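Spelled out from the first residue to the last, the chains are:
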Amino acid sequence: MSMVLKKASLVTVLALAVGTASAGAAFAATATTTSAVQITNSAYIVNGTMVSLGTIMEKGTTLVSLRDLSAKLGAKLQSAGGVVQAKLNGHTVELKAGSAVLKVDGAEHKLNVPVKNAKGVTYVELEAYVEALGASLYEDEKGSVWIDAKLLSNVDRIQWVDAERFIATQENETGRADYLVEAATGKYRLLDVAADASELAVSSDGKKAAYTTADGHVSVLDLTRASRAVVVSSDSSIKPELVWSADGASLYFLQGDKGSVIAKLDPEINKITKILEDKVDYKANLQVSEDGKTFTYTVTKPGAVVADASKPVEADDVAIDMKGTEPQIYQYTVDPSVKENKAVQLTASADDKVFIRAASDGSAAAYVSVSGDAAAKSTLVKVGKDKNVATLFNERDVYQAEYADGKWYVLTEGDGEKLFVYEIDQATKAAKRIYELSDSVSEIIVKPGAPMAVMQDGRVFLELNGRWKPVSR
Amino acid sequence: MKWFKSLSVAALAIALVSTSVSAVGAASSLKGKIVINGSSALLPLTLQAANEFKKLHPKVKISASAAGSITGPQSVRKGIADIGAVDWDASQDVPGFKKFEGQVAHKVAIIPFAAVVNKNVKVEDLTTKQLQDIFSGKVTNWKDVGGDDADIIVVNRAFGSGTRVNFQMKALQGTEFISKGNNYKEVKSSGDMKTAVETTPNSIGYMDLVYVTSNMKALKINKVAPTEANVVNGTYKVWGYGYYMTKGEPDGATKEFIEYIQSAKFQNGSLKKLKFIPISAIK
């Protein structure tokens, strides 16, 4: 199968697998009674496919047929002198019938229930065996158990590349790793990204990712094939934000440690052009319209401080005025016919503005408006070029808002124990609740055509036909 | 009701622990207001972190300002700021400033500093002793340190500057500056220092490494070039930590924000992008 699945086929493949899973969710299918033990054929979802595995329940622990599970997982089995060796993910697991010890890469692990032989079949503790192989196991709210041979672990965040692939990022003390993951299979490969790279800016067609490094250089990575990142600009100025043009041909960026300048980089010819240099500092959240002419961004004004340095330090002669330090939305449209063309301030309100998203034609910008009053609901609002602010959604307190294909997806407060996700039509403002999620969900990640993704307790899940498939562990 | 049940009691216990940890970090729960004032050098870093943090915790309002390092711990002591951003550890005595009692210092970044000279100066390298002699006024002519026969113009930052405190502590090992004379000039900001050194022949000054331009020359100190690599490998000694000061141990949103700016994600990503060095780079 080609790496790039069409959305339809992705959903179909998983729908088949998951569809059967829900039918077998009750676990037990057929049971065979022997003299001592009851062997049950139970439904599991292994590597995304519904399978039946022989299991035994003993002392409240599930034992699974070693042969069945190993075959489905893709673990290689070898047997010599009564010792069975299983290999997967670079791990070697050794076990022996009657023994309560699992040897994992040479280290001994105690089992609750000894390895059992029943009717010539070896049974081993399901969870311990899966963990020993470096595989992962998850039981969802419907009782289905997902077992995956190789899921990425410790994913800190993801972003969709296109409808079929996402980039998963792991952070650790020494640096980070970015993986390109196929949503349908969970297969992943490490991307060639410098250790000191900024977050990746992915072009809207999903073909390229760009990043800056500590030396200010800009690199571009071809996501259509395994390749090395190419430095497209060795300009050393600080670039706090990078954004692709709609056609993926050029990059726009904020320049300077205070993000004062909007500039354009043509990667092909390594040429930088300044678009706007108006000495206004702390621009952020830069977005560029489809025609490359309208730039929407926020400006944050630092507070005003009055301090008299001639007074003794102990006098603490300092006063701070934080009035007007809330971010405001600005727009600048390139138009050579306008003399002394300036950026236009669209908002002036004292609310915090988060998750800002400009319309692709630059005609408006929407954002989550957070009131200074912590008890007030945060709402999704829209501001037009005429500076009029209109509410898009205010039914519930909004925690996060994402936009895809004319629709907003907002993560909101729920009923105390759950969070809700609403889908809001940008044009009609019609809102419908589409998910109820655990209150430990921290983020939703959307992309046109792709399944809904959520981060929960450091794990990534994709929604497929009413189920949440774990795609990281 | 939880979304996912775990199979075993052990796994359930882990799940519950991780839930309670992430509940602090969950998009929804955290509320509060954080006021940050102090170092100008740290302000871009603070505002970048605030912009990212608000996407995780939209209900936390963060306001930031800058008017020089010393105003950071002063604002905290006065109770008008939750965080004082300062280019030295203000919980300790430093040249010119007594420690701020009861304040806790949180490292947020490493800031390298460079001694810089006007482009007409032929000297490439100075020892600590030579720097001490120049900045204290004992050596006044470039010919005494291997350069041309020309008066040295010393450009200094005004009292209260974090860069000045660091340069005095790390490059001059605590010796005093001259404070007057025809060949002495005092400037109020990094921007003024840049202009002064770029435009004044025979001048010497100092600044954050990130502000060094191609229109001036950064000196080697004790034969070591001021580069990020030399800071990290321990050979270049003229650097300091940027700190966030709090009144006692922080809690709530303030604690969470400090943890965010110290997180691997921010330190290895945005912080490096803004040309600071992560605190973990030096053990």
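These numbers come from a predicted model, not from an experiment.

*Asks:* Is there a simple way to explain the environment of Lys54(B) in this structure?
*Replies:* Summarising the element assignment, Lys54(B) is placed in helix H2 (residues 43-56). The sequence separation of Lys54(B) and Lys273(B) amounts to 219 residues, and the corresponding C-alpha distance is 19 Å. Ignoring any residue separated from it by four or fewer positions in sequence, one finds Lys54(B) in contact with Asp352(A), Val354(A), Val60(B) and Ile62(B).

*Asks:* Before we go on, may I ask you to explain the sheet that holds strand S17 (residues 188-190) of chain A in this structure?
*Replies:* Through backbone hydrogen bonds, the strands of a sheet pair up, either in parallel or in antiparallel fashion. All names here are of chain A. Taken together, four strands build an open sheet; the order of strands is S14-S15-S16-S17 and the sheet is antiparallel. Looking along the sheet, the strands with just one partner apiece sit at the ends: strand S14 (157-160) and S17. Taken over all neighbouring pairs, the strand axes of this sheet differ in orientation by 25 degrees on average, direction set aside. Across four bridges, S14 lies against strand S15 (residues 165-172) in antiparallel orientation. Within S15, the position partnered with Ile158 by the bridge is Ala168.

*Asks:* What should I look at first to understand the nonpolar core in this one?
*Replies:* Most often, soluble globular proteins have nonpolar side chains that are buried together. Residues and elements named next belong to chain A. Counting 86 residues, the largest nonpolar core has Leu380 and Val410 as its most contacted members. Per-element accounting of this core gives the leading share, five residues, to strand S33 (residues 364-370). In contact with Val410, other than residues within four places in its own chain, are Leu380, Phe393, Val398, Gln400, Ala401, Val421, Tyr422 and Ile424.

*Asks:* What am I meant to see in the interface of chain B and chain A here?
*Replies:* Put simply, an interface is often sized by how much accessible area is lost when its parts join up. Between chain B and chain A, the residue contacts involve 54 residues of the former and 58 residues of the latter. The leading source of residues in the side of chain B that touches chain A is H2(B), at seven residues. Residue composition of the side of chain B that touches chain A, by class: 21 nonpolar, 20 polar and 13 charged.

*Asks:* Just to check I follow, could you spell out unusual backbone geometry for this structure?
*Replies:* Backbone phi values are negative for most residues with the exception of glycine, while trans is the configuration of most peptide bonds. The phi dihedral of Lys59(A) falls on the positive side, at around 50 degrees, and the residue is not glycine. Summarising the element assignment, Lys59(A) is placed in the loop between strand S3 (49-58) and strand S4 (61-65). On the basis of neighbour count, Lys59(A) is assigned to the exposed category, with 7 C-beta atoms found within 10 Å. Of note in this structure, Asn202(B) is not a glycine but carries a positive phi near 70 degrees. Counting through the fold element by element, Asn202(B) comes out in the loop between helix H6 (190-199) and strand S8 (203-208).

Parameters at a glance
Residues numbered from 1 in each chain as written. Chains lettered and ligands numbered in written order. Predicted model: local features only at pLDDT ≥ 70, side-chain atom pairs only at ≥ 80, totals over all residues. Helix = DSSP H or I, 4+ residues; strand = E, 2+ residues; numbered from the N terminus. Contact = placed C-beta atoms within 7 Å. Pairing = 2+ DSSP bridges. Axes fitted to C-alpha atoms, helices over the stretch in contact; angles between N-to-C directions. Core = buried A, V, L, I, M, F, W, Y, C linked by C-beta atoms within 7 Å. Buried ≥ 20, exposed ≤ 12 C-beta atoms within 10 Å, placed from the backbone. Nonpolar A, V, L, I, M, F, W, Y, C, P; charged D, E, K, R; others polar.

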